Amino acid sequence: MSEAVKTVSEKSKADAPSAPSVNSTRTSPEDSKSSDDNNSKPLSSSSAKQKNPMKVDILLKHIGDAPIMTKRKWTVDRTKKISWVADFIKKYIKSDSTESLFLYVNQSFAPAPDTDLGSIFDCFNSDGKLVLHYCRTQAYG
Amino acid sequence: MAEDREFLREVWEGKIPVCFRLAQEEIYTVDQPDPFFLLVPRLSYFPLMTDKVVKHLSKHVDPDNQGEIWLEYEGQPLKWHYPIGLLFDLFGSKADLPWNLTVHFQNFPEEELLHCPSKEAVESHFMSVVKEADALKHRGQAVNNMQRKDHKTLWAGVMNDKFDQFWSVNKKLMESTGEETFKFIPFRVYQLDNMPIQKLFKPTDDKGDILTLRHMLESALPDFSENERSVVIQGVQPDLDTPALWLSEHLSYPDNFLHICLHPFAAAENES
């Protein structure tokens, strides 16, 4: 099952439309480093911190002119909703809470705001991380 | 294949009789509003159905205190982004018909419901779920290979209740290309007082044997017991030995997901 998930994620990376951001090259070294870390925990240097099944690792990537977050890897409760992640990003990038923020999975679909992260992670994580792309305008309408 | 098409058409034509009544506490006019009756398609969404309800009932509400319409069944706010058939299977399956819903224009429950700003929002949500289903079935390839007008045709089929129009495009999403069937089955399991459950599930096992609805439910809910829970999809209780792939092809909603409701059997039923 995990192999199939890996295939899905590799394919989606191959199919990914070119990210329109100037800074995209800067994000790759960090990405390849984390994807090489197959056995270590991407968010903690302490080996005592086992993967808590109640939490999931997410990686936030920007699209377009959305500000880049300095810290992009987070460990979050499975029960948190997509709307919580959107609010969290908006606070972090100092965006007004009334402004739109779109979150995408697989660079293709936007889960309903009341979807819990756990479900999305179980189905769409790659190498133990769920990649979410955020954008201030609709990117994949 | 012909009888399959007949089956698909029967599923498409499923309808639920609904009675819309304005919440008592919101009635502002002296003359009482009549209840409003509609036969709504299972496969549609309430925001596509409620223009007439709004027109009929909103005039009885205080014009200075009137917000977005929202629906409630016996105290349970109804999520507009769930297909109507799913809402009924989850909350109304034991109800008398017509299904009695309460209409509100005040006190929108911000913590429980999303706002629905427009019909375009419904379309946007629908297309997103279709893409998610395709990501599971075909790595997103089938949707990516479609033109924008195909997406529009899919939605038009749902909005206008046009089976042929919808399936002229949807058949591409239901195809098993060559030897590969769907990679994973798009499904969600709903229970009262629980968050929906969605997990990865392949239609066949490593030996190539076809997996069933029972296998799918057991993999999603480790403590699933068919003696304790009834399983409802599109208003029917399928045999648990039905192949999961067949169910995905025939009982999915237009969003290409199987929306499955589990209900505990009443204690009395268990004893008999």
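Please read all numbers here as calculations on a predicted model, not as lab measurements.

1. Observations regarding the sheet that holds strand E2 (residues 73-77) of chain A
Backbone hydrogen bonds hold the strands of a sheet together, and the pairing may be parallel or antiparallel.
All names here are of chain A.
No. 1: In space, the 4 strands of this open sheet follow the order E2-E1-E4-E3, with mixed pairing throughout. At either margin of the open sheet sits one strand with a lone partner, and together these are E2 and strand E3 (102-105). In this sheet, neighbouring strand axes are inclined to one another by 40° on average, regardless of whether the strands run parallel or antiparallel.
No. 2: In this sheet, E2 lies alongside strand E1 (residues 55-62) in antiparallel orientation, the contact comprising 5 bridges. By the bridge assignment, Ile58 is partnered in E2 with Trp74.
No. 3: Its contacts with the sheet place helix H4 (residues 117-124) against E1, E2, E3 and strand E4 (129-135), and it is angled at close to 115° to E4.

2. What about the domain arrangement of chain B?
Residues and elements named next belong to chain B.
No. 1: When the domains of chain B are assigned, the result is domain 1 (14-104), domain 2 (118-180) and domain 3 (184-272).
No. 2: The C-alpha centroid of domain 3 is placed 23 Å from the C-alpha centroid of domain 2.
No. 3: In this assembly, 14 residues from domain 2 lie in contact with 12 residues from domain 3.
No. 4: In total, about 1100 Å² of surface goes out of reach between domain 2 and domain 3, with carbon and sulfur atoms giving 60% of it.

3. A word on the interface of chain B and chain A
No. 1: Tallying the contact residues gives 22 residues for chain B and 26 residues for chain A.
No. 2: Roughly 2000 Å² is buried in total at the junction of chain B and chain A, and carbon and sulfur atoms are behind 60% of that figure.
No. 3: Area buried by chain B at its contact with chain A is led by Arg139(B), Met195(B) and Leu200(B), which between them contribute 26% of it.
No. 4: Where chain B meets chain A, there are 2 salt bridges.

4. Focus on the packing of helix H6 (residues 148-159) of chain B against helix H7 (residues 163-173) of chain B
Two quantities define a packed helix pair, namely the angle between the axes and the distance from one axis to the other.
All names here are of chain B.
No. 1: Where H6 meets H7, the axes come as close as 8 Å, and the angle between the chain directions of the two elements is 125°. If you check the angle between H6 and H7, you find them oblique. Between H6 and H7 the crossing geometry is left-handed. From H6, Asp150, Thr153, Leu154, Ala156, Gly157 and Val158 reach across to H7, where they touch Gln165, Phe166, Ser168, Val169, Asn170, Lys172 and Leu173.
No. 2: The residue inventory of the contact of H6 with H7, partitioned by class, reads 6 nonpolar, 5 polar and 2 charged.

5. Thoughts on the UniProt feature "domain: Autophagy protein ATG5 UblA" (unreviewed entry) in chain B
No. 1: Mapped onto this numbering, the UniProt entry gives "domain: Autophagy protein ATG5 UblA" (unreviewed entry) at residues 11-105 of chain B.
No. 2: The distance from the first to the last C-alpha atom of residues 11-105 of chain B is 32 Å, and the span holds 19% helix and 27% strand.

6. As for the packing of aromatic side chains
The description of an aromatic ring pair uses the distance of the two centres, along with the angle that the planes make with each other.
Residues and elements named next belong to chain B.
No. 1: In total, this model carries 17 aromatic pairs over all chains according to the counting rule given.
No. 2: Judged by centre distance (5.1 Å) and plane angle (85°), the ring pair of Phe88 and Trp99 falls under edge-to-face. Of the two residues, Phe88 is situated in helix H3 (residues 84-92) and Trp99 in strand E5 (residues 99-104); the sequence distance between them amounts to 11 residues.
No. 3: Note on Phe88: relative accessible area 11%, which makes it buried.

7. Quick look at the nonpolar core
No. 1: Ranked by internal contacts, the top residues of the largest apolar core, which has 79 residues, are Trp99(B) and Ile260(B).
No. 2: Considering each element in turn, this core owes the most residues, 6 residues, to H3(B).
No. 3: With near-sequence residues (within four places) excluded, Trp99(B) lies in contact with Ile16(B), Pro17(B), Val18(B), Cys19(B), Phe46(B), Tyr73(B), Leu78(B), Leu87(B), Phe88(B), Phe91(B) and Gly92(B).
No. 4: Judged by nonpolar contacts, the second largest core, of 31 residues, contains Leu60(A), Trp74(A), Leu101(A) and Val105(A).

8. What about unusual backbone geometry?
No. 1: For the peptide bond that leads from Leu97(B) to Pro98(B), omega is 0°, which places it in the cis range.
No. 2: Look at Gln107(A): it is not a glycine, yet its phi comes out positive at around 50°.
No. 3: Looking at the element boundaries, Gln107(A) is found in the loop between E3 and H4.
No. 4: Among the residues examined, Gln107(A) registers a relative accessible area of 18% and is labelled buried.
No. 5: Residue Asp193(B) is not a glycine yet carries a positive backbone phi of 65°.
No. 6: Note that Asp193(B) resides in the loop between strand E6 (187-190) and helix H8 (213-220).

Cut-offs used in this document
- Residues numbered from 1 in each chain as written.
- Chains lettered and ligands numbered in written order.
- Predicted model: local features only at pLDDT ≥ 70, side-chain atom pairs only at ≥ 80, totals over all residues.
- Heavy atoms only, no water.
- Pairing = 2+ DSSP bridges.
- Helix = DSSP H or I, 4+ residues; strand = E, 2+ residues; numbered from the N terminus.
- Axes fitted to C-alpha atoms, helices over the stretch in contact; angles between N-to-C directions.
- Contact = heavy atoms within 4.5 Å.
- Domains from an automatic or database assignment.
- Buried area = accessible area lost by both parts, 1.4 Å probe.
- Salt bridge = Lys/Arg side-chain N within 4 Å of Asp/Glu carboxyl O.
- Parallel < 35°, antiparallel > 145°, perpendicular 65-115°, else oblique.
- Left-handed = near helix turned anticlockwise from the far one by under 90°.
- Nonpolar A, V, L, I, M, F, W, Y, C, P; charged D, E, K, R; others polar.
- UniProt positions renumbered as here; feature names shortened; annotations may be inferred.
- Phe/Tyr/Trp six-rings, centres within 6.5 Å; stacked < 30°, edge-to-face > 60°.
- Buried < 20%, exposed > 50% of the residue type's maximum accessible area, 1.4 Å probe, protein only.
- Core = buried A, V, L, I, M, F, W, Y, C linked by side-chain atoms within 4.5 Å.

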